[in-house]
Every structure is written in C-alpha cells, then in structure tokens.
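Geometric and topological summary
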Amino acid sequence: MSEPLQRHQIARRIAEDITDGAYVNLGIGMPTMVANYVPEDREVVYHSENGILGMGPAPAPGEEDPDLINAGKQPVTLLPGASIFHHTDAFIMMRGGHIDITVLGAFQVSERGDLANWATNDGKLPPAVGGAMDLAVGARQVFVMTEHVTRRGEPKILQQCTYPLTGHGVVNRIYTSLAVIDVTADGLLAREIIDGLSREELQAKTGARLRWAPDLQVLRAG
Amino acid sequence: MIDKFVGSLAQAVADVPDGATIMIGGFGNAGIPVELTHALLDQGARGLTVITNNAGSGETDVAALIREGRVAKIICSYPRSAGSVWFERLYQAGRIELELVPQGTMSERMRAAAAGLGGFFTPTSAGTILAEGKETRMIDGREHVFEPPLPADYALVKADLADRWGNLTYHSAARNFGPTMAMAARVTVVQVRRRVDLGALDPECVITPGIFVDRVVAVGEA
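If you're wondering where the values come from, they're calculated on a predicted model, not measured in any experiment. (Residues numbered from 1 in each chain as written. Chains lettered and ligands numbered in written order. Predicted model: local features only at pLDDT ≥ 70, side-chain atom pairs only at ≥ 80, totals over all residues.)

Topic: the overall build of chain A
Keep this limit in mind: Helical segments are the DSSP runs of H or I of at least four residues, strand segments are the runs of E of at least two, and each set is numbered from the N terminus. Exposure criterion: with C-beta atoms placed from backbone coordinates, a residue whose C-beta has 20 or more other C-beta atoms within 10 Å is buried, one with 12 or fewer is exposed, and one in between is partly exposed. With C-beta atoms placed from the backbone, a contact is any residue pair whose C-beta atoms sit within 7 Å.
Helix and strand content of chain A: 4 helices and 13 strands. By its C-alpha atoms, chain A is 50 × 40 × 30 Å across when sized along the principal axes. The burial tally for chain A puts 44% of its 222 residues in the buried class. A separation of at least 24 residues holds for 65% of the contacts in chain A among residues at least 6 apart in sequence.

Description of the overall build of chain B
The cut-off we apply is this: Put simply, the radius of gyration uses C-alpha atoms, and a globule should come to 2.2 Å times the residue count raised to 0.38.
Of the regular secondary structure elements, chain B holds 6 helices and 13 strands. Its C-alpha atoms give chain B a radius of gyration of 18 Å, near enough to 17 Å, the size a compact globule of 222 residues would have. Expressed along its principal axes, the backbone C-alpha trace of chain B runs to roughly 50 × 45 × 30 Å. Scored against the burial criterion, the 222 residues of chain B give a buried share of 50%. For chain B, the share of sequence-separated contacts (at least 6 apart) that also reach a separation of at least 24 residues comes to 76%.

Comments concerning the pairing of strand β1 (residues 21-24) of chain B
On any regular strand, side chains alternate: one points to one face of the sheet, the next to the other face. All names here are of chain B. Our working definition: Strand pairing follows a simple DSSP-based rule, namely that at least 2 bridges must link the two strands. Note on handedness: a clockwise path from strand one over the helix to strand two, with the strands aimed away from the viewer, defines a right-handed crossover.
Examined bridge by bridge, β1 and strand β2 (residues 48-51) share 3 bridges and lie parallel to one another. Following the sheet pairing, Ile22 is matched in β2 by Val50. Handedness of the β1-helix α2 (residues 34-43)-β2 crossover: right-handed. Two strands pair when backbone bridges link them, and β1 and strand β8 (residues 152-158) are joined in this way by 3 bridges, in the parallel orientation. Opposite Met23, over in β8, you have Ala155 as the bridge partner.

What about the sheet that holds β1(B)?
Residues and elements named next belong to chain B. Definition in use: Interaxial angle, 0 to 180 degrees, is taken between N-to-C directions of lines fitted to C-alpha atoms, where a helix line uses only the stretch in contact.
Spatial strand order, β4-β3-β2-β1-β8-β11-β13: 7 strands in an open sheet with parallel pairing. The sheet is open, and its two edges are formed by β4 (97-100) and β13 (215-218), each paired on a single side. Strand after strand, the sheet turns through a mean of 20 degrees between neighbouring axes, direction not considered. Packed onto the sheet, α2 meets β1, β8 and β11 (185-192) and runs at close to 120 degrees relative to β11.

Considering the packing of helix α2 (residues 87-95) of chain A against helix α5 (residues 103-115) of chain B
Note the cut-off: An angle counts as roughly parallel when it lies under 35 degrees, as roughly antiparallel when it exceeds 145, as roughly perpendicular when it falls between 65 and 115, and as oblique in every other case. Note on convention: the crossing is left-handed when the near helix lies turned anticlockwise from the far helix by less than a right angle, right-handed when the turn is clockwise.
Interhelical geometry of α2(A) versus α5(B) gives an angle of 125 degrees and a closest axis separation of 9 Å. Here α2(A) lies oblique to α5(B), going by the angle between them. By crossing handedness, the relation of α2(A) to α5(B) is classed as left-handed. Contact residues: α2(A) offers A:His87, A:Thr88, A:Phe91, A:Met94 and A:Arg95, while α5(B) offers B:Gln103, B:Gly104, B:Ser107, B:Glu108 and B:Arg111.

Some points on helix α1 (residues 7-16) of chain A
All names here are of chain A. So the rule is basically this: In this description, one arc is meant: the one made by directions from the helix axis to the C-beta atoms.
Every buried residue of α1 is accounted for by Ile10, Ala11, Arg13 and Ile14. Within α1, the buried residues cover an arc of 160 degrees as seen down the axis, which keeps them to one side. Looking at the packing, one finds that the buried side of α1 touches β5 (101-104), β8 (141-145), β10 (173-175) and β13 (210-219).

Side note on the nonpolar core
Our working rule: Each nonpolar core reported here comprises buried Ala, Val, Leu, Ile, Met, Phe, Trp, Tyr and Cys residues connected via C-beta atoms within 7 Å.
A:Leu115, A:Val144, B:Met23, B:Ile66, B:Ala155 and B:Ala184 are the most contacted members of the largest nonpolar core, which totals 126 residues. Ignoring any residue separated from it by four or fewer positions in sequence, one finds B:Ile66 in contact with B:Ala55, B:Gly56, B:Val71, B:Trp86, B:Phe87, B:Leu90 and B:Ile96.

What about the interface of chain A and chain B?
We apply this condition: As a working rule, the residues Ala, Val, Leu, Ile, Met, Phe, Trp, Tyr, Cys and Pro are called nonpolar, Asp, Glu, Lys and Arg charged, and the rest polar, with Gly in that last group.
Between chain A and chain B, the contact holds 31 residues from the first and 38 residues from the second. At the level of elements, α2 and α3 (132-138) of chain A are the ones that each hand at least two residues to the side of chain A that touches chain B. Here the element with the most residues in the side of chain A that touches chain B is α2(A); it accounts for 5 residues. Class assignment of the residues belonging to the side of chain A that touches chain B gives a composition of 16 nonpolar, 9 polar and 6 charged.

Quick notes on unusual backbone geometry
Positive phi values are uncommon outside glycine, yet A:Lys73 reaches one of about 70 degrees. Within the fold, A:Lys73 resides in the loop between β3 (52-56) and β4 (77-84). With a phi close to 50 degrees, B:Ser172 is a non-glycine residue in the positive phi region. Among the residues examined, B:Ser172 registers 18 C-beta atoms within 10 Å and is labelled partly exposed.

Let's talk about the environment of A:Thr176
All names here are of chain A. On the secondary structure map, Thr176 appears in the loop between β10 and β11 (179-184). It is 21 Å that separates the C-alpha atoms of Thr176 and Met133, two residues lying 43 residues apart in sequence. Setting aside residues no more than four positions away along its own chain, Thr176 makes contact with Thr146, Glu147 and His148.

So, the environment of A:Pro57
Residue and element names in this part refer to chain A. Within the fold, Pro57 resides in the loop between β3 and β4. C-beta crowding within 10 Å serves as the criterion here: with 12 such atoms nearby, Pro57 is assigned to the exposed category. The spacing of Pro57 and Asn36 is 21 residues in sequence and 8.9 Å in space, taken between C-alpha atoms.

Some words on the confidence of the model for chain B
For residues with low pLDDT, the predicted coordinates do not support detailed interpretation. The condition that has to hold: The quantity called pLDDT is the predictor's confidence in a given residue, expressed from 0 to 100.
In this model, chain B carries an average pLDDT of 97, and 100% of its residues clear a pLDDT of 70 or more. We note a pTM of 0.95 for the whole complex and an ipTM of 0.93 for its interfaces.

Things to note about the sheet that holds strand β1 (residues 23-26) of chain A
Residue and element names in this part refer to chain A. If you trace the 10 strands from one edge of the open sheet to the other, you get β4-β3-β2-β1-β5-β8-β10-β11-β12-β13, paired in mixed fashion. Bordering the open sheet on either side are β4 and β13, each of which pairs with just one other strand. Adjacent strand axes in the sheet meet at a mean angle of 25 degrees, parallel and antiparallel pairs treated alike. Sheet analysis places β11 next to strand β12 (residues 187-194), joined by 6 bridges and oriented antiparallel. Bridge pairing links Val183 to Leu188 in β12.

Structure (structure tokens):
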C-alpha cells in the first residue's frame, strides 16, 4: 500500500486546482504551502486579510518591512501590480464573494460542508476567531486541506462536527492525505484515492458515508 | 485657520475620561499607534473599553494598558497572538471582559457606525456560537445575523504623513484598521511620522480625508 500524502504533497495537489487568473486567499499555516506549487504559467493574485492584493513570497533576510506582513504576521513582499487597501475593503473582498478560492485548514468537516477550524472545546485559552468565519462564508470556493485523521487516528470528516463551527455548509472540496472528496448536495463524493488503499479502508477512516465518483481516480503524490 | 496638529502626545489624549470606549489601530505589530497608547497609559484613564484586533503582545502598548488594569473590556477578533500573556492572565483571572467578534464583522460594524447606519445583516457567524442570542433573518434563502454598529469615543490611529487639515497617508499594510477607525470615532487622534505642508499631498492619494481627523501629533521616524 502506498503511503499517505505528506503535507507538501497535499499542497501540490491543491495547487493543480488553482486556476489561472484566480484571486486566492490561503489560510494561516499549512495552506500557505500551496503557493509554492502553483505552476508558473498561471497568474494568481494572492489576497491577505490585512489589506493586500498581489502578495509575494517572503523577502530576503534583511529586506523585511515590519509594516508589510501577512495574516500570520510573517513578513511578505509585493509583486508588480499589487495594491494596498484598508481592513474594511479587505473584508468586503472576503465577505462579498470576490475571492475565487480560499484554502483553509480544519479540525473537522461534516458531510454537509460544515467547517470547524477556529476553536476546540478547551475552555482554558481565550477564544480567538480572526477572519476565519468571514473567509469561510464569503469565498466562492472553500477548499479544505487536512490530514485525513487526527494524530490519534480519529476521523476528521464526520456526520456532524463536535467542535464549534466556523461556518455552516461552506466547504466545497476536501483534500486530505488519503483522498480528494467533494461536498455535494447528496453528501460526500470521493473523487480520488491514494494508490493501494481500498474503498473499504478509506470509508473506515471516515466518519460519514462516502459515495464514489464513477470515474474515481488515483490521488498521485506528485 | 485650521490646524489639527497639537503640541504633544500628552495634549492629544488629555481629555480621555474614565470609562471611555477607545479604538486602537493595528494588526499584529503593524500600524499600532505605540506612542499615543503610551501617552494614554501615562494619562491614567481607567475602566476603558478597547476595540482593537489583537489583545496586545509583550509589555508595550495595548498589553501595557491591560497589564496596568486600565482595560475593563476588550472587543477584538484575535486575542491569542504569540506573547498575549497579559490579556491571557487577566482573562483567566476574570478581570477583563472579552467580546469576540469575527474580524470582518468588527470592521463592518465600525464602518456602519461611521456611515450612520443602524447595523446590518451578515451570513458571517450564522449557525455558530458567536451568533447565539442574536437576531437572525433568512435573506435569499441564507441565514443572516444582525450586527449593531460599533462606535467609539476616541480612535488612536497611526498614519504616515499628515497636513494641517488632517489629510492622511499611510505606509504599506500598516494602514489596516486606521481609515475605518478614523471614520467611526467621535474624536480621532492620529500620530504621524511627519507633517507636510498643506497642498503637498496629492489629492488623488489622500487615504483618510481630514474631515475624519480631529488631532494630529508628529512623532518622527520610527
């Protein structure tokens, strides 16, 4: 049986689906890796919630501008054609359906496309939501990037999320270490599965019923 | 003659009373009006409600106001940044109240206050714990949550250049919440790097028109 995809391999797979000309917001953490793998012949405009379109990669050491940071507070650069705007405009882009694709991490996703990615039920730390709810609700397409199961082997794709929701019925597609799964009106539809993993094995690691695309493909590590 | 410049940081915040609601700009460390915040700390007002995206980090600016017990309540989206130790400590001790607001809802609530609107309905947070107890309405088949305007007595904002009419430009993504807060507060107090002559700013490039600005202090290069 082939190994589960590593994170950079999931990022590479998602990058294949980032279309030329798209306005894209990559969530904090793992999703930022996707930008590294988008083919160079595609022109993609990256948005940051703190008021940037046309965001480029990290600057060379010594070139950092403390005023030019991304949503994760890391230093970034501006590409030719970039623009700067204030926070309310940045969130109008996110909330008003102007962002074509967002890629977000997840604690859990439900078969109806509910997303839980901002809080666990740990009451010790103060809650913090940032722009997660705005992005989940407002982007035209919401892609989730996640390990298929937790470190303890529990399913992250469930009939119903047990963690607090970020958005209700917002996820379009889930890219995991084992599969690519669409959220449809009829529930979850597996489109790709890693080589050597049976349908029964994937179903056993998934907490909601999977249906299978007639043209189910092999999810290649790339 | 209009001249919105005041002689000192202390003068700029001298009349802030106990119990005032104060917006403080910034996202991460970009755009925080550090000098004005320290002037407010020295001024001594207590029982403040602070509206700001993060809850301060380290020992300076917002974190210092919290540490010194000046803040009764904070309204923010993400109070859990690296180094937000003072907020976390007081929160766990039950000595500071938190109103957690999705980031885009926060900026739009401020914009609503600025525009004289009585609030708005948004799908952001619908079906989540942040919508509990709030009025909802189905609009075009989608659940929306009512959010009231978020005004303030004062806004403390960091800009780059100002003329004596209070016209402002900003530097890079340090702009973030500045323009919205400047519009939303009853008294807007701005610190700038440098004062320029009236007419020196290209009217096409003024980001915050002086009508939204009450007091300006030049603090020099960072």
